[in-house]
Amino acid sequence: MTAPVLDAPALETLVSAAVAAPSVHNTQPWRFRLVPETSVLEVRAATERALPATDPQGRALHVSVGAAVLNLRTAARHLGWAPEVRLLPDPGEPELLAGVRLDEPAPCRLPAVDALYDAIWRRHSARSPFTGPPVPEGVLAGFAEAARSEDAELLLPDEAETARLLRLTAEAERRNTVDPAQRAESRRWLQGRRPGARPYGIPAAALGPQDADGRLPMRDFGALAPERHLPPARFEARPRIVVLLTRGDGPEDWLRAGLALEHVLLAATVHGVRASLLHQAMEWRFLRWEARDSRHGPAFAQMLVRFGYGPEGAPTPRLPAAEVIDD
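Criteria and cut-off values
- Residues numbered from 1 in each chain as written.
- Predicted model: local features only at pLDDT ≥ 70, side-chain atom pairs only at ≥ 80, totals over all residues.
- Heavy atoms only, no water.
- Helix = DSSP H or I, 4+ residues; strand = E, 2+ residues; numbered from the N terminus.
- Rg over C-alpha atoms; globule rule 2.2 N^0.38 Å.
- Buried < 20%, exposed > 50% of the residue type's maximum accessible area, 1.4 Å probe, protein only.
- Contact = heavy atoms within 4.5 Å.
- Areas by Shrake-Rupley, 256 points an atom, 1.4 Å probe, with all protein chains shown as cover.
- Lys, Arg positive; Asp, Glu negative; His and termini not counted.
- Charge placed at Lys NZ, Arg CZ, Asp CG, Glu CD.
- Axes fitted to C-alpha atoms, helices over the stretch in contact; angles between N-to-C directions.
- Parallel < 35°, antiparallel > 145°, perpendicular 65-115°, else oblique.
- Left-handed = near helix turned anticlockwise from the far one by under 90°.
- Nonpolar A, V, L, I, M, F, W, Y, C, P; charged D, E, K, R; others polar.
- Phe/Tyr/Trp six-rings, centres within 6.5 Å; stacked < 30°, edge-to-face > 60°.
- Lys NZ or Arg CZ within 6 Å of the ring centre and 35° of its normal.
- Salt bridge = Lys/Arg side-chain N within 4 Å of Asp/Glu carboxyl O.
- 1 Å grid on protein atoms, 1.4 Å probe; cavity = no way out; pocket = protein on both sides within 12 Å on 5 of 7 lines; lining within 4 Å.
- Points joined across faces, edges and corners; volume = space filled by probe spheres on them.

Q: Help me get a handle on the overall build of the protein, residues and values and all.
A: Helix and strand counts for the protein stand at nine helices and nine strands. Taking 20 Å as the expected radius of gyration for a compact globule of 327 residues, we find that the protein reaches 19 Å, a close match to that expectation. Dimensions along the principal axes, computed over C-alpha positions, put the protein at roughly 55 × 45 × 35 Å. Buried residues in the protein amount to 54% of all 327 residues. Put simply, of all contacts in the protein between residues at least 6 apart along the chain, 76% involve residues at least 24 apart. If you sum the accessible surface of the protein, you get close to 14100 Å²; carbon and sulfur atoms cover 54% of it. Looking at the protein, you have 39 positive and 42 negative side-chain charges, and the mean spots of the two groups are 5 Å apart.

Given below as structure tokens:
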């Protein structure tokens, strides 16, 4: 293949794809910088959009940035590069979370990459009930393979384990709602509640209802902003929950969790499967520890994901590429 050119339009495409990734409370905690001498596109943490109450260790920030790196890598492959990704490339720069080298052309064009690239622009988190049939086990197995390709695991719990995970999520949701620091922080990221609101945070159109039967503990942003409370709705009786796990629990593991999470979410989008992120229990250290299943060996839970068929989720806004590229 002819080597692609790393010009301004290509850079805008790459960064636009990266910022389409999901992030906790849609904080979009990333910035990008091209180093022309080495053809490396650096991905840095935007710490001014960190969540000190919800995410004191920066774990969710790293997961969010990892998802952006997956999109960036996918876009680079789609444009014709064979990108080389290095995580945490410089210990002396802790805010430099990844570098993507773009100096080698890809040997061939892969339809699977193009399908994932197209899914970048269609992927949205779903916060509404799923109304279709259960996701086939074979499709879920494909999602697990996508996670393994990023050095993570996707555990498919049985019904009893699913019920236990939902109880942990309900306890975390209760704590998030009553904890003053987390409640105040979450309110600030409801779009329109912050002075001079920017195109990040959660807009009203993306909020979802609560489960009328109380089985599925969705994040209740309505409890933070009662004027936006939606009428409760009946969710699926047997939600399909999966657990994303990593072997370690440090910054590089968190980044890999983000890569795996976004790879899985894009694969789900390709298959027409909707995904809802249940992050509440991950925000409390002891509840995240409890989300492990010791029967599967040492591993660390990084995300719970609910899969199903139903309406497409509402998009959340994104910062323009030009506003997250540093000179």
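Q: Residues and numbers for the packing of helix 2 (residues 59-79) against helix 8 (residues 251-270), please.
A: Helix packing geometry: the angle between the two helix axes and the distance between the axes. Helix 8 packs onto helix 2 with a crossing angle of 50° between their chain directions and a minimal axis gap of 6 Å. Viewed along their axes, helix 2 and helix 8 adopt a mutual orientation that is oblique. With respect to the hand of their crossing, helix 2 and helix 8 are arranged in right-handed fashion. Contacts between helix 2 and helix 8 involve Arg-59, His-62, Val-63, Val-65, Gly-66, Ala-67, Val-69, Leu-70, Asn-71 and Arg-73 from the first element and Pro-251, Trp-254, Leu-255, Ala-257, Gly-258, Leu-259, Leu-261, Glu-262, His-263 and Leu-266 from the second. Looking at the contact of helix 2 with helix 8 residue by residue, the classes come out as 12 nonpolar, five polar and three charged.

Q: Explain the packing of aromatic side chains to me, and be specific about the residues and the numbers.
A: The full count for this structure, using the stated rule, is four aromatic pairs. An angle of 45° between the planes, with centres 5.6 Å apart, marks the rings of Trp-189 and Tyr-200 as tilted. Pair noted here: Trp-189 is in the loop between helix 6 (180-188) and helix 7 (221-224) and Tyr-200 is in the loop between helix 6 and helix 7, with a separation of 11 residues, a long-range link. The ring centre of Trp-284 lies 5.8 Å from the NZ or CZ of Arg-175, which sits over that ring.

Q: Could you give me a rundown of the pattern of salt bridges, with the residues and numbers involved?
A: Counted by the stated rule, this structure contains 23 salt bridges. One salt bridge in this structure joins Arg-240 and Glu-137, with 3.5 Å as the shortest N-O distance. In this pair, Arg-240 is assigned in strand 6 (residues 240-246) and Glu-137 in helix 4 (residues 137-148), connecting sequence segments 103 residues apart. Taking relative accessible area as the criterion, Glu-137 reaches 48% and is therefore assigned partly exposed. Of the charged contacts, one joins Glu-159 and Arg-238 as a salt bridge, the two residues approaching to 3.9 Å between their closest N and O atoms. Linking Glu-159 in helix 5 (residues 159-178) with Arg-238 in the loop between helix 7 and strand 6, this pair joins segments that are 79 residues apart in sequence. The same class applies to Glu-159 and to Arg-238, which are both exposed.

Q: Outline empty space enclosed by the protein, supporting the account with residue identities and numerical values.
A: Inspection of the entire model under this criterion finds five cavities of 30 Å³ or more. The computed volume of the largest cavity comes to approximately 90 Å³. Looking at side-chain class alone, the lining of the largest cavity contains five nonpolar, three polar and three charged residues.

Q: For unusual backbone geometry, give the residues involved together with the corresponding values.
A: In this model, Asn-26 sits at a positive phi of 50°, which is unusual for a non-glycine residue. The topology assignment puts Asn-26 in the loop between helix 1 (8-19) and strand 1 (30-35). A relative accessible area of 3% means that Asn-26 is categorised as buried. Of note in this structure, Asp-151 is not a glycine but carries a positive phi near 65°.

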